[in-house]
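In case you want the letters, here they are:
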Amino acid sequence: MTTSDASPAARTSNINVRRGEPLVVIEHVDKHFGDLHVLRDINTVVNRGEVVVVIGPSGSGKSTLCRAVNRLETIDSGTIAIDGVPLPEEGRALAKLRADVGMVFQSFNLFAHKTVLENVTLGPMRVRGVKKKDAVKKATELLDRVGVADQAAKMPSQLSGGQQQRVAIARSLAMNPKLILLDEPTSALDPEMINEVLDVMVGLAQEGMTMIVVTHEMGFARKAADRVLFMADGAIVEEAAPEQFFTNPQSERAKDFLSKILEH
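Residues numbered from 1 in each chain as written. Predicted model: local features only at pLDDT ≥ 70, side-chain atom pairs only at ≥ 80, totals over all residues. Heavy atoms only, no water.

Quick look at the overall build of the chain
Then, number 1: Scanning the chain from N- to C-terminus turns up 10 helices and 10 strands.
Then, number 2: Relative to the compact-globule value of 18 Å for 264 residues, the chain shows a C-alpha radius of gyration of 19 Å, a close match.
Then, number 3: Considered along the principal axes of its C-alpha atoms, the chain spans approximately 50 × 45 × 40 Å.
Then, number 4: Across the 264 residues in the chain, those meeting the buried criterion constitute 53%.
Then, number 5: Sequence-distant contacts, at least 24 apart, represent 69% of the contacts inside the chain between residues at least 6 apart.
Then, number 6: With 31 positive and 34 negative side-chain charges, the chain shows a separation of 7 Å between the mean positions of the two kinds. (Helix = DSSP H or I, 4+ residues; strand = E, 2+ residues; numbered from the N terminus. Rg over C-alpha atoms; globule rule 2.2 N^0.38 Å. Buried < 20%, exposed > 50% of the residue type's maximum accessible area, 1.4 Å probe, protein only. Contact = heavy atoms within 4.5 Å. Lys, Arg positive; Asp, Glu negative; His and termini not counted. Charge placed at Lys NZ, Arg CZ, Asp CG, Glu CD.)

See the structure below:
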């Protein structure tokens, strides 16, 4: 096979294909904010059914990379493709892509003036054209799955942070996404609420949902990740299976990072 015939996954030689064919292919991605080089020649592949957890010190580019995958952040150079299709620039094609890629933010981003049930049914009805009866049925099932079915008639402000974040996850799932991006989904939560959200995420991982998760929760990374991607200074410094990364990191940068966070 010549280089020109190689698939993007074949060219990204440091990744072993696991459970399925490549879903997200990121090649030679660079991004600047002014003089700050926030993403430096990023190359990685996320396969169907795979959970990739992105960790690293603050300012390492983790959230920027996560947001670039559905073009909430533009990139300066390189390519990102989802399901074989390069990210569209704008317009309907970009809207369609975002319907296929769920996003869960640090700050929940629920519609404050709509009930919990309305938050979860809005996307399927408006974007997918799902009938209200069917959207409500699916939303009710999802809210039950994430443990907040009894909150369906309430407004987001009446819920705890952990409950709001579980609603946000249900809202993403309601669109039947190919992929869910979770950008530090527990960092705005009180400590006692973190586990209730992590438990939902672990359940999704076990069911085979493809996820890219930016998090500081090392326990989740060890438990649910297929692969840990360690970033520092805008670059992917190391990537490995969780057990390998946490017990035998290869880079000095990763060793230093782990020594600081795991001793507490």
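Description of the layout of surface pockets
Gaps between atoms show up when a probe of the same size as a water molecule is rolled over them.
Then, number 1: By volume, the largest pocket is sized at about 540 Å³.
Then, number 2: Lining the largest pocket are 20 residues, with R98, V101, M103, R171 and M175 positioned closest to its centre.
Then, number 3: Counting residues per element, the ones that place at least two in the lining of the largest pocket are α3 (91-100), β6 (101-104), α4 (116-126) and α6 (161-173).
Then, number 4: Residues that form the lining of the largest pocket fall into these classes: 11 nonpolar, 6 polar and 3 charged. (1 Å grid on protein atoms, 1.4 Å probe; cavity = no way out; pocket = protein on both sides within 12 Å on 5 of 7 lines; lining within 4 Å. Points joined across faces, edges and corners; volume = space filled by probe spheres on them. Nonpolar A, V, L, I, M, F, W, Y, C, P; charged D, E, K, R; others polar.)

Some words on the UniProt feature "domain: ABC transporter" (unreviewed entry) in the chain
Then, number 1: Within the UniProt annotation, "domain: ABC transporter" (unreviewed entry) is assigned to residues 24-258.
Then, number 2: With 39% helix and 26% strand, the stretch residues 24-258 has end C-alpha atoms that lie 27 Å from each other. (UniProt positions renumbered as here; feature names shortened; annotations may be inferred.)

Let's talk about the packing of aromatic side chains
Then, number 1: The full count for this structure, using the stated rule, is 3 aromatic pairs.
Then, number 2: On the basis of an interplanar angle of 35° and a centroid distance of 5.8 Å, the ring pair of F230 and F245 is categorised as tilted. Remark: F245 occurs in helix α9 (residues 242-247) and F230 occurs in strand β9 (residues 227-232); sequence separation between them is 15 residues. For the pair F230 and F245, a shared accessibility class is recorded, and that class is buried.
Then, number 3: An angle of 45° between the planes, with centres 5.2 Å apart, marks the rings of F230 and F257 as tilted. Note that F230 is positioned in strand β9 and F257 in helix α10 (residues 252-262), a separation of 27 residues in sequence.
Then, number 4: For F230, a relative accessible area of 0% translates into the label buried.
Then, number 5: An aromatic cluster of at least three residues, connected via ring pairs, comprises F230, F245, F246 and F257.
Then, number 6: In this structure, R171 packs its charged tip against the face of F111, placed 5.7 Å from the ring centre. (Phe/Tyr/Trp six-rings, centres within 6.5 Å; stacked < 30°, edge-to-face > 60°. Lys NZ or Arg CZ within 6 Å of the ring centre and 35° of its normal.)

Looking at the sheet that holds strand β4 (residues 77-82)
Then, number 1: Strand order across the open sheet formed by 4 strands is β2-β1-β4-β5, with antiparallel pairing between neighbours. What marks the edges here is a single partner per strand, and that holds for β2 (36-47) and β5 (85-86).
Then, number 2: Of the pairings in the sheet, the one linking strand β1 (residues 22-33) to β4 comprises 5 bridges and is antiparallel in character. When the bridges of β4 are listed, D30 appears paired with S77. (Pairing = 2+ DSSP bridges.)

Focus: the sheet that holds β9
Then, number 1: Taken in spatial order, the 6 strands of this open sheet run β6-β7-β8-β3-β9-β10, and their pairing is mixed. Here the strands that pair on one side only, and so sit at the sheet edges, are β6 and β10 (235-240). Recorded for the sheet is a direction-independent mean angle of 20° between the axes of neighbouring strands.
Then, number 2: Each of β3 (51-55), β9 and β10 touches α10; the most contacted strand, β9, lies at about 100° to it. (Axes fitted to C-alpha atoms, helices over the stretch in contact; angles between N-to-C directions.)

So, α10
Then, number 1: All of the buried residues along α10 are A254, F257 and L258. The arc enclosing the buried residues of α10, seen along the axis, measures out at 95°, which places them on a common side.
Then, number 2: Taken together, the buried residues of α10 touch β3, α8 (218-224), β9, β10 and α9. (Arc of directions from axis to C-beta.)

Quick notes on the pairing of β6
Then, number 1: Of the two faces of β6, both are covered, the one formed by V101 and M103 as well as the one formed by G102 and V104.
Then, number 2: Examined bridge by bridge, β6 and strand β7 (residues 179-183) share 4 bridges and lie parallel to one another. Bridging across to β7, V104 finds its partner in L182.

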